[in-house]
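Results of the structural survey
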Amino acid sequence: MDECRAQRPARHVVLERLLELLLIEALRSMPICNACPGVMSGLADERLAAAIRAIHANPAHSWTLAELAKAAALSRSSFFVRFREAVGVAPMVYLLTWRMALAKNLLRGKSMAVAEVAERVGYRSASDFSVAFSRYVGQPPAWFAAEEDV
């Protein structure tokens, strides 16, 4: 509170760092258990974390369940069940969700055409991406990008 009230040099930088620390501490204090699935639970599992990191490192790759299971050093069926229980969704649903989150950010940036965004998030064609994005977001990517201008 003292830092908030004081008008010292670099106050905003200190407040940003304090906010980051508070967020980290809040995440650390959350119990990781089967009752609270999510990406944090998935990352807490060493094997699942390897697959999640692989997805995040290369979202444009044409991931298969077999490849992700191999990254996690599990059988496909064990990986699928373990992932769904820990994260709360199936691995391919998580991949789609991650790709669409990346696509939304890229479209908000305004510096890329829809075809470029499609390629960056793992779609072979702008048409396939547009169909998937529309189904997931509820509007075509061009409309989404235009709406962000308002």
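Anything mentioned here points back to the structure above.
Residues numbered from 1 in each chain as written. Predicted model: local features only at pLDDT ≥ 70, side-chain atom pairs only at ≥ 80, totals over all residues. Heavy atoms only, no water.

1. Some remarks on the overall build of the chain
Convention followed: We count a stretch as a helix when DSSP gives it H or I for four or more residues in a row; a strand needs E for two or more, and each element gets its number in order from the N terminus. As a reference, a globule follows 2.2 Å times the number of residues to the power 0.38, and the radius of gyration itself is taken over C-alpha atoms. Think of it in three bands: residues with accessible area under 20% of the maximum for their type are buried, residues over 50% are exposed, and the middle band is partly exposed, with areas taken using a 1.4 Å probe on protein chains only.
Counting its secondary structure elements, the chain contains ten helices and zero strands. Along the chain, helices and strands appear, N-terminal first, in the series α-α-α-α-α-α-α-α-α-α. A compact globule built from 150 residues should have a C-alpha radius of gyration of about 15 Å, whereas the chain, at 19 Å, is more than 25% larger. If you line up the chain on its principal axes, its C-alpha atoms span 55 × 40 × 25 Å. Residue burial in the chain is summarised as follows: out of 150 residues, 29% are buried.

2. Describing helix 9 (residues 126–137)
Quick note on the threshold: Multiplying one less than the number of residues by 1.5 Å gives the expected span of a helix. Working note: the arc is built from the helix axis to C-beta atom directions.
For helix 9, with twelve residues, the first-to-last C-alpha span of 15 Å sits near the 16 Å given by 1.5 Å per residue. Within the span of helix 9, buried status applies to F129, A132 and F133. The buried residues of helix 9 occupy an angular sector of 100° when projected down its axis, which confines them to one face. Positive phi shows up at G138, right after helix 9, with a value of about 100°.

3. Overview of the environment of G109
By the secondary structure assignment, G109 is in helix 7 (residues 91–109). With a relative accessible area of 46%, G109 lands in the partly exposed category. Along the sequence, G109 and A145 sit 36 residues apart, while their C-alpha atoms lie 8.5 Å from each other.

4. Regarding the nonpolar core
This is how it is decided: Buried Ala, Val, Leu, Ile, Met, Phe, Trp, Tyr and Cys residues form a nonpolar core when they are joined through side-chain atoms within 4.5 Å. Whether two residues are in contact is decided by their heavy atoms, any of which lying within 4.5 Å being enough.
Core analysis: the largest hydrophobic core is formed by 16 residues, its most contacted members being F79 and F83. Mapped onto this core, the elements with two or more residues apiece are helix 4 (46–57), helix 5 (65–71), helix 6 (76–87) and helix 7. Considering each element in turn, this core owes the most residues, five residues, to helix 4. Those residues in contact with F79 that sit more than four places away from it in its chain are L48, A51, L65, L68, A69, A72, L74 and P91. Counting residues in each nonpolar core, the second largest holds 13 residues, with M112, V117, Y123 and A132 among its members.

5. A closer look at the packing of aromatic side chains
Put simply, the test is: Any two rings among Phe, Tyr and Trp, with Trp reduced to its six-membered ring, count as a pair given centres within 6.5 Å; such a pair is stacked if its planes are under 30 degrees apart, edge-to-face if over 60, and tilted if neither.
For the structure on display, the rule yields five aromatic pairs. Here F133 and F144 contribute two aromatic rings whose centre-to-centre distance is 5.5 Å and whose plane-to-plane angle is 70°, an arrangement assigned as edge-to-face. Highlighted residues: F133 in helix 9 and F144 in helix 10 (residues 141–149), separated in sequence by eleven residues. For the residue pair F133 and F144, the accessibility class agrees, reading buried in each case. Here the aromatic residues Y123, F129, F133 and F144 are joined through ring pairs into a cluster of three or more.

Note that every value here comes from positions in space, so none of it alone points to a role or purpose.
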